[in-house]
Amino acid sequence: MIPYNHKSIEAAAQSQWSAGDVYRVTERVDKKKFYACSMLPYPSGKLHMGHVRNYTINDVMARYLRMKGYNVLMPMGWDAFGLPAENAAMKNKVAPAKWTYDNIAYMKKQMQAMGLAIDWSREVTACKPDYYKWNQWLFLKMLEKGIAERRTQVVNWDPVDMTVLANEQVIDGKGWRTGAVIEKREIPGYYLNIVRYAPELLEHTLTKLPGWPERVRTMQENWIGKSEGVRFAFPHTIKDASGTLVQEGKMYVFTTRADTIMGVTFCAVAAEHPIATHAAASNKALAAFIEECKKGGVAEADMATMEKKGMNTGLTVNHPLTGESVPVWEGNYVLMSYGDGAVMGVPAHDERDFAFAKKYGLGIRPVVFPEAAFKVCGPSTGWVQSAECKPDNTFFEVAGLREDWFDLSEWNSKYAEKGICYTHEKLGSKLDGSSSDRAIEMVPELIRTQGYFAEKKTTYRLRDWGISRQRYWGTPIPIIHCETCGAVPVPEKDLPVVLPEDCIPDGSGNPLKLHAGFLNVACPKCAKPAQRETDTMDTFIDSSWYFMRYCDPQLNTAMVGKGADYWMPMDQYIGGIEHAILHLLYARFWTKVMRDLGLVKFDEPFTKLLTQGMVLAETFYRKNADGSMEWFNPSDVDVETDAHGKPVRAVLRSDSQPVMMGGVEKMAKSKNNGVDPQDLIDAYGADTARHFTMRAAHPEDTLFWSDAGVAGSYRFMRRLWDYAQKITEQIKTAPSVQNWKDAPDTVQTTRREIYATLQKASFDIERIQYNTVVSAGDILLNALGELRGTDDHTKALIAEGLSILLRVLYPVTPHLTHQLWQQLGYAAQHGDLLDAPWPEVDASAMKQDHITLVLQINGKTRGELVVSATADKAVIEAAAAQAPEVELYSEWRPP
């Protein structure tokens, strides 16, 4: 018998598929389309197991749907720009372009070795001019529409990489790659006005994404962060050196809790606020503190967890309702980029303000209380304190606070809750007795009656997207700087602005600044000598629309065309949860901009989203003398277990010395616990890799790596192969059976089991529960393996059952099933497996003439009873009475 040889089987199948160009798809009106797409990878050099899992999920879906008659698109491309290529270039002294293209070639070879059903004719590479030309083109269109603009804004600056970092690249106030302390800098750059689209993005998050996981929609909703509140000004008389009122005598703040306005005891401003700048001019200590505050990120997460520090500016503003002086402090937790760069401090009702006030001995004035805090409290429709307050049930008669109603020694979350306004210090507030919600409605009008500015306003946590990066390896921003004409957009006819690929970064800054051939150019307006913009675009730009370019990859005259009309919106998007916020949000924004420019006709790009779980593996390490950790790959470690299989000791195979077991963690280079997919494919085959990653867990669940599990999948491949070799000739000569009612009971029972398993597999594959689909393959093979006999019905069932088994497993293990489908003669009868239909359940096989009942006597199972499927109660009881077990164990007899 020929042994299972995965290398020859997989090579032969892939060669046949490649020669036939079987995965190339076109737009067809005679079939229903399905666009299934995995998030494109960064070409780092090698695939990892996360890639293998992601792309196999996609591939199973694509192959199954093709069997169901869909016109299926599964494309692939490369997110090829970015800082890692520059870092590799500095390390290896090669141009990022060469490093990137070499990596793409190797990773593409790995993908092809996995047997993925990718239409490579649609391949997209983000660092090629034919792609990024359209980044530049759409940017210029946004510039024309005012969606893109150049402005100065406070950003995260990494002093080592000498570039702007996104908030997500700042971890604990330090650069994600360099570990350098991040500085806040005001740097001019280009911004895309995503906030303009915030209301629609939020609405569609809630109403148009039913096919997305709930947690991802919640993450998007929270990131957009809608807040409804009041924006008003604290008036002041602070003047600059020229005698002019700073900010025209108004310090603006925004709050969602205007009901606490009577509890303000201080205000805090950002380091870049005009009042802070004015105060620092005459206070060296304050100036030094402000410079310290400018270090660290501008992410809200950092602000929430960092130690709160402050310094009194010595300046005051006036409370808009009471007129009292309110001290202004510089606070390291206040960001200029959020709101107006100033906040009102209400320590009694805000945890952050409470901590700040306790640290610096500032006043804490509670002004909002629960009903339980009052001796007397009840709703009133007649107690009206001002003409602006209309009688309703949101006013309360209150009298006397209870003892110990508010403990000022430590924070309690109940202090932040809404309640009833009451200025127990008798400040004469018109808010007294009103509910929090009513007070929030009243405050703007009360402030305006004092002659000051106030308005109700909706704000968003979302900030405009800064796309300028002081890096070389990215899409050039198509702007030319002229001393006479200023910033001049590159004419559309001159696109693309091509990035030179011969630069080798050395860490001293952006090499484009020294590349005369790129830098120096004539101004498009006046023809005088000018210089190109050397900042490049954030690489999130590249990934914001690549999925649309797959639809029209060869189109040179437009960004998208008829292909996008046919394929989009995408039916199924697959990727990691780590992209749940920014990539998906930017892609949604980019789509809406393209829609508004008349390029596409849909609102949302992704109909359904699947976020696959992480791949975990054991970790092993030793502590070095200097306290550092040395991590060892699990493949280099032997683990000893106790009698119950519990790991008790691990030793490094090379020196037989113990290593510490670090537990299970996500596969990562930093912990050296990854598995090289190429090694796995070489040793066991792509089908085994695919089979294990689909069998080990539901696609959305965490997958725990197991060498034993991989070996188990490989054994299944060999068992299926060996079984097929034994019955090849029998399959080829199997008779055709029309009447299964004459089959032996064992054959009918097995046939019923086969179709019941198929029915469940069909249900599970539709809901992307691929782990149980793989398990169905085990059940089917076991059922077929138990069939004995040489009668026609048995032979026919083996042929029928194996045909079902191969088609059920084909989306998961396409190489082996393809080979067996041909070898066993199914291809000659039904055509190539690639386009064979998914098997249908034979309803007649599911019908049972007899059923098996459990026979229980005195609560204990004593045997089984086989009766007619149509038998009534009396017949069943009579049969039970005649069962030998009844005579043995019971005196019972039917009446």
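First things first, this report covers the structure right here in the doc. (Residues numbered from 1 in each chain as written. Predicted model: local features only at pLDDT ≥ 70, side-chain atom pairs only at ≥ 80, totals over all residues. Heavy atoms only, no water.)

## Digging into helix H16 (residues 582-596)
Here's step 1: Between its first and last C-alpha atoms H16 spans 21 Å; for 15 residues at 1.5 Å apiece the expected length is 21 Å, and the two agree.
Here's step 2: Downstream of H16 by a residue or two, Gly598 has a phi angle that is positive, lying close to 80°. (Helix = DSSP H or I, 4+ residues; strand = E, 2+ residues; numbered from the N terminus. Expected span 1.5 Å × (residues − 1).)

## Some remarks on the packing of helix H22 (residues 792-809) against helix H23 (residues 814-823)
Here's step 1: At a minimum axis separation of 9 Å, H22 and H23 run at an interaxial angle of 150°. Taken together, H22 and H23 sit at an angle that is classed as roughly antiparallel. For the pair H22 and H23, the crossing hand works out as left-handed. Contacts from Ser803, Leu806, Arg807 and Leu809 in H22 reach Thr817, Leu820 and Trp821 in H23.
Here's step 2: When its residues are assigned to classes, the contact of H22 with H23 shows four nonpolar, two polar and one charged. (Axes fitted to C-alpha atoms, helices over the stretch in contact; angles between N-to-C directions. Parallel < 35°, antiparallel > 145°, perpendicular 65-115°, else oblique. Left-handed = near helix turned anticlockwise from the far one by under 90°. Contact = heavy atoms within 4.5 Å. Nonpolar A, V, L, I, M, F, W, Y, C, P; charged D, E, K, R; others polar.)

## So, the side chain of Asn332
Here's step 1: Note that Asn332 resides in the loop between strand S14 (325-331) and strand S15 (342-345).
Here's step 2: Asn332 sits in the buried class, given a relative accessible area of 6%.
Here's step 3: Only 2.9 Å separates the side chain of Asn332 from the backbone oxygen of Glu307, close enough to count as a polar contact.
Here's step 4: A distance of 2.8 Å separates a polar atom in the side chain of Asn332 from the backbone nitrogen of Lys309. (Buried < 20%, exposed > 50% of the residue type's maximum accessible area, 1.4 Å probe, protein only. Polar contact = N/O pair within 3.5 Å; in protein donor to acceptor, adjacent residues only side chain to side chain.)

## Regarding the environment of Thr475
Here's step 1: Secondary-structure assignment places Thr475 in the loop between strand S22 (468-469) and strand S23 (479-482).
Here's step 2: For Thr475, a relative accessible area of 1% puts it in the buried group.
Here's step 3: Sequence separation of Thr475 and Pro129 is 346 residues, and the distance between their C-alpha atoms is 8.7 Å.
Here's step 4: Not counting residues within four places of it along the chain, the set of residues in contact with Thr475 comprises Phe81, Tyr132, Asn135, Gln136, Thr536, Met537 and Asp542.
Here's step 5: A polar side-chain atom of Thr475 sits 3.1 Å from a polar atom in the side chain of Asn135.

## Some thoughts on the packing of aromatic side chains
Here's step 1: With the rule as written, the count across this model stands at 40 aromatic pairs.
Here's step 2: Centre to centre, the rings of Tyr333 and Phe356 are 5.4 Å apart; their planes meet at 70°, and the pair counts as edge-to-face. With Tyr333 in the loop between S14 and S15 and Phe356 in helix H11 (residues 351-360), the pair connects residues that are 23 residues apart, well separated along the chain. For the pair Tyr333 and Phe356, a shared accessibility class is recorded, and that class is buried.
Here's step 3: With a centroid separation of 4.7 Å and 90° between ring planes, the pair formed by Tyr566 and Trp567 is classed as edge-to-face. (Phe/Tyr/Trp six-rings, centres within 6.5 Å; stacked < 30°, edge-to-face > 60°.)

## Focus on the sheet that holds strand S25 (residues 520-522)
Here's step 1: Reading across the sheet, the four strands line up as S24-S23-S26-S25 and stay open at both edges, with antiparallel pairing between neighbours. Each having just a single partner strand, strand S24 (486-489) and S25 make up the two edges of the open sheet. On average, each strand axis in the sheet is inclined to that of its neighbour by 40°, with strand direction left out of account.
Here's step 2: Bridge analysis of S23 against strand S26 (residues 529-532) gives two bridges, and the strand direction is antiparallel. Bridged to Ile480 within S26 is Arg532. (Pairing = 2+ DSSP bridges.)

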